[in-house]
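Overview (structure and organization)
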Amino acid sequence: LQPNVGLRLQILRQSQGHLVDGAVALFYRRERYSYDEGLVQGVVSFGHTFGRLAGFVNLAYGQDPEGDDRDGELRLALLYTAGEHFILGVDSRLRLDLWSSDARRMARNESSRDLVAGPVFGVTVGGWALLAQTGLSQVRTAETHTGFLAMGGAATVF
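Residues numbered from 1 in each chain as written. Predicted model: local features only at pLDDT ≥ 70, side-chain atom pairs only at ≥ 80, totals over all residues. Heavy atoms only, no water.

1. Some details on the sheet that holds strand β4 (residues 53-63)
- An order of β1-β2-β3-β4-β5-β6-β7-β8-β9 is seen for the nine strands of this open sheet, with the pairing classed as antiparallel. Edge positions in the sheet fall to β1 (4-12) and β9 (144-156), since each of these pairs with one other strand and no more. Neighbour to neighbour, the strand axes of the sheet diverge by 15 degrees on average, direction disregarded. (Pairing = 2+ DSSP bridges. Helix = DSSP H or I, 4+ residues; strand = E, 2+ residues; numbered from the N terminus. Axes fitted to C-alpha atoms, helices over the stretch in contact; angles between N-to-C directions.)

Shown next, in the form of structure tokens:
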């Protein structure tokens, strides 16, 4: 179990006449850099709704407290609300190593790039959301490995 805490501030609202919904966030994460002190990540998020269709863009930059591990992330999604309980769409995430100079990271042969992209499906049941995604997964270390992705999950709010 690794901590992931943050603060998010919505600064633009489509419902208040802005062209997009927009937010900024700052997080402290440990899941990718659990062997070090973690990662401080800044995120800028934008979304726009066109009736039942919604598009989302997230841009993130993260750096460890030492300053020798840095990564960037781009997330794109296009989701369609297909009824009261169903969402269909396409979701993607590209994460890149950005000028990291930590010799320990290179010795561990960690990825310099990873990509996940493909169709996504979600359904709400009571206070729960069930999610599934398939598609392409690609990881670049010393070599590039590409394969099929299938994952699922469940979420709720307490």
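2. Description of the pattern of salt bridges
- Using the criterion set out here, one finds three salt bridges in the structure.
- The shortest N-O distance in the salt bridge between Arg-75 and Glu-73 comes to 2.8 Å.
- The closest approach of N and O atoms between Asp-114 and Arg-95, which form a salt bridge, is 3.1 Å. Here Asp-114, found in strand β7 (residues 113-125), pairs with Arg-95, found in strand β6 (residues 86-97); they are 19 residues apart in sequence, far enough to count as distant.
- On the basis of relative accessible area, Arg-95 is assigned to the buried category, the value being 13%.
- Via salt bridges that share partners, Arg-93, Arg-95 and Asp-114 belong to a single interconnected network. (Salt bridge = Lys/Arg side-chain N within 4 Å of Asp/Glu carboxyl O. Buried < 20%, exposed > 50% of the residue type's maximum accessible area, 1.4 Å probe, protein only.)

3. Some words on the environment of Gln-63
- Within the secondary structure, Gln-63 is located in strand β4.
- On the basis of relative accessibility, which here comes to 28%, the residue Gln-63 falls in the partly exposed class.
- C-alpha separation for the pair Gln-63 and Gly-42, spaced 21 residues apart in sequence, amounts to 9.0 Å.
- Among residues more than four places away in sequence, those in contact with Gln-63 are Leu-39, Val-40, Asp-69 and Arg-70.
- Separated by 2.6 Å, the side chains of Gln-63 and Tyr-61 make a polar contact. (Contact = heavy atoms within 4.5 Å. Polar contact = N/O pair within 3.5 Å; in protein donor to acceptor, adjacent residues only side chain to side chain.)

4. Observations regarding the side chain of Asp-64
- Inspection of the secondary structure puts Asp-64 in the loop between β4 and β5 (70-81).
- Here Asp-64 is in contact with Gly-38, Leu-39 and Asp-69, once residues within four sequence places are set aside.

5. Observations concerning the pairing of strand β8 (residues 128-140)
- The pairing of β7 with β8 spans 11 bridges and is antiparallel. The residue bridging Phe-121 from the neighbouring strand is Ala-132, located in β8.
- Counted along the chain from β7 to the antiparallel partner β8, the turn is two residues long, and its residue Gly-126 has a positive phi close to 65 degrees.
- In terms of strand pairing, β8 meets β9 through 13 bridges, oriented antiparallel. When the bridges of β9 are listed, Gln-133 appears paired with Met-151.
- A loop of three residues connects β8 with β9, the two strands running antiparallel in sequence.

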